[in-house]
Amino acid sequence: MTPETTNHLSDEALNDVLIGMGSSASESHIAACPLCRGKVEEFQSDLGAWNRTTLKWSEARAERAGRIEVRPARRRPPLAALGWALAAAALLAIAIPVGREAGMFGTNHGTTVAPQEDSEAQIAQDNELLKAVNAAINPDEISPLKEYDLFGRPHPRHRHRPQ
Amino acid sequence: MGAYASSEFIDMVPRSRVEWRCARRARAIGELDDIDGLVKNYRARILRFVTYSTGDPDLAETITQDTLLKAWMGRENFRGDCSVKTWLTGIAINVTRDHMRSAKFKFWRQTRSTALDVQDLAAFLPAEGSGPERQMLAREKVRELSQAVEALSPNQRTVFLMKFVEEMPVAEISQVLGMPVNTVRTHLHRALSSVRSRMGASV
């Protein structure tokens, strides 16, 4: 028996061989020592069986899972830009009426368009419409106040006493 | 003398190396362009890697799908300095990390009592012409090894899978994980010691 085969590899040296980072001394020991070589070969054999089994399992599972669909990516508007747009819109909604009220938009400079005058016909039509609305909300019924001549006569309790 | 123009600099690098890298990239880009081919060639391998990384086959399917889509959509970013398999493994690790950080994953991880059905797994052991006794022994070994891998810490499990399942060199594992080689080696040592002791220290 040679010294190489009597002093077996430590766990660390054996691990290094399994990782593929064994020293030349370890490699030559493995070549000469059937016990240590047996350990390496047994681990590799178990690992090989495990790898083949897990790959078969994985292939079967992947087959069951079906096809992977590639959908075209939808471009979403960036949230920051959307936020800025909303903020600008809100600012305009507040600033424009306030500015108009304060006469900041130059109505005196003749740059704005004067509101168009309504025509006579339009005014007459509007008046007719208003009358119709009045008639609808004030039916021709005599008001109890008018009927009992309660208009203009103050209630006895509310009558002002002469000072 | 001023700085080298880019073309001059490229001329200083051995031409064969540059050409080899460009050719490799071109081949890989061609391979990555075909989503169906990508799925066919790599889906099962990524699924296995992610299943053992997460311990959850259902989540692993989602992560595998995300990985392949991410790779396909970002194929222009592939530099060609590693194999497609290594590149995909790196993407799978990142996608897995993102999922594992989520609160939803943590919740389900706590509620799940068992991850992978090892009995179901053993049924996939190839027959390989051995007798029923040897087949039973092999199934037992597969079951033990599966449980030993599942019992590893996340870091140990990742490097173990990269080394012994994906067959990546230690230097490449170190590069993909952004870990020093010695750290990878330490994780591998601990993982191996744990796996071997769980398997009865016969190996």
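Quantities reported herein were computed from a predicted structural model and do not represent experimental measurements.

## Observations regarding the interface of chain B and chain A
Piece 1. Contact residues are listed per partner, giving 46 residues for chain B and 33 residues for chain A.
Piece 2. Taken together, both faces of the contact between chain B and chain A bury some 3,800 Å²; the carbon and sulfur share is 67%.
Piece 3. Where chain B meets chain A, there are 6 salt bridges.
Piece 4. Taken together, the links from chain B to chain A amount to 14 residue pairs in polar contact (both at pLDDT 80 or more).
Piece 5. For the side of chain B that touches chain A, the elements supplying multiple residues, two or more each, are helix H3 (35-54), helix H4 (57-73), helix H7 (118-122), helix H8 (132-150), helix H9 (154-165) and helix H11 (181-198) of chain B.
Piece 6. When residues in the side of chain B that touches chain A are grouped by element, the largest group, 10 residues, is from H3 of chain B.
Piece 7. Residue classes in the side of chain B that touches chain A are distributed as 28 nonpolar, 6 polar and 12 charged.

## Some points on the environment of Ala-49 of chain A
Piece 1. As for its position among the elements, Ala-49 of chain A is in helix H4 (residues 34-65).
Piece 2. The contacts of Ala-49 of chain A, once residues within four sequence positions are left out, are Leu-125 and Val-142 of chain B.

## Topic: the packing of H3 of chain B against H4 of chain B
All names here are of chain B.
Piece 1. The N-to-C vectors of H3 and H4 enclose an angle of 140 degrees; their axes lie 8 Å apart at closest approach. The pairing of H3 with H4 is recorded here as oblique in orientation. The handedness of the crossing between H3 and H4 comes out as right-handed. Here H3 contributes Ile-35, Leu-38, Val-39, Arg-43, Ile-46, Leu-47, Val-50, Thr-51 and Thr-54 to the contact with H4, which in turn contributes Pro-57, Leu-59, Ala-60, Glu-61, Ile-63, Thr-64, Thr-67, Leu-68 and Trp-72.
Piece 2. Looking at side-chain class alone, the contact of H3 with H4 contains 12 nonpolar, 4 polar and 2 charged residues.

## Digging into the confidence of the model for chain B
Caution is warranted with low-pLDDT regions, since their predicted coordinates should not be read in detail.
Residue and element names in this part refer to chain B.
Piece 1. Chain-level pLDDT for chain B is 80 on average; 77% of the residues reach the 70-or-more range.
Piece 2. When the elements of chain B are averaged for pLDDT, helix H1 (residues 6-12) gives the smallest value, 41, and H11 the largest, 94.
Piece 3. Note that pLDDT drops below 50 for residues 1-14; the model gives that stretch 4 contacts with residues more than four away or on any other chain.
Piece 4. Here the predicted complex carries an ipTM of 0.76, next to a pTM of 0.63.

## Looking at helix H3 (residues 24-32) of chain A
Residue and element names in this part refer to chain A.
Piece 1. Turning to H3, its buried residues number three or more, namely Ser-26, His-29 and Ile-30. Buried positions in H3, seen along its axis, are confined to an arc of 100 degrees and lie on one side of it. Turned more than 90 degrees off the buried face of H3, the exposed positions are Ser-24, Ala-25 and Ala-31.

## Here's the deal with the pattern of salt bridges
Piece 1. Under the counting rule described, the total for this entry stands at 9 salt bridges over all chains.
Piece 2. In this structure, the salt-bridge partner of Asp-16 of chain A is Arg-185 of chain B, at a minimum N-O distance of 2.8 Å. Of this pair, Asp-16 of chain A sits in helix H2 (residues 11-19) while Arg-185 of chain B sits in helix H11, which puts the two residues in different chains.
Piece 3. A residue is classified by how much of its surface remains accessible, and Arg-185 of chain B, at 26% relative accessible area, is partly exposed.
Piece 4. Glu-61 of chain B is paired through a salt bridge with Arg-61 of chain A; the nearest N and O atoms lie 2.7 Å apart. Taken together, the residues span two chains, with Glu-61 of chain B in helix H4 and Arg-61 of chain A in helix H4.
Piece 5. The class for Glu-61 of chain B is partly exposed, based on a relative accessible area of 25%.
Piece 6. When its relative accessible area of 15% is taken as the criterion, Arg-61 of chain A is described as buried.

Rules and cut-offs
Residues numbered from 1 in each chain as written. Chains lettered and ligands numbered in written order. Predicted model: local features only at pLDDT ≥ 70, side-chain atom pairs only at ≥ 80, totals over all residues. Heavy atoms only, no water. Contact = heavy atoms within 4.5 Å. Buried area = accessible area lost by both parts, 1.4 Å probe. Salt bridge = Lys/Arg side-chain N within 4 Å of Asp/Glu carboxyl O. Polar contact = N/O pair within 3.5 Å; in protein donor to acceptor, adjacent residues only side chain to side chain. Helix = DSSP H or I, 4+ residues; strand = E, 2+ residues; numbered from the N terminus. Nonpolar A, V, L, I, M, F, W, Y, C, P; charged D, E, K, R; others polar. Axes fitted to C-alpha atoms, helices over the stretch in contact; angles between N-to-C directions. Parallel < 35°, antiparallel > 145°, perpendicular 65-115°, else oblique. Left-handed = near helix turned anticlockwise from the far one by under 90°. pLDDT = per-residue confidence, 0-100. Buried < 20%, exposed > 50% of the residue type's maximum accessible area, 1.4 Å probe, protein only. Arc of directions from axis to C-beta.

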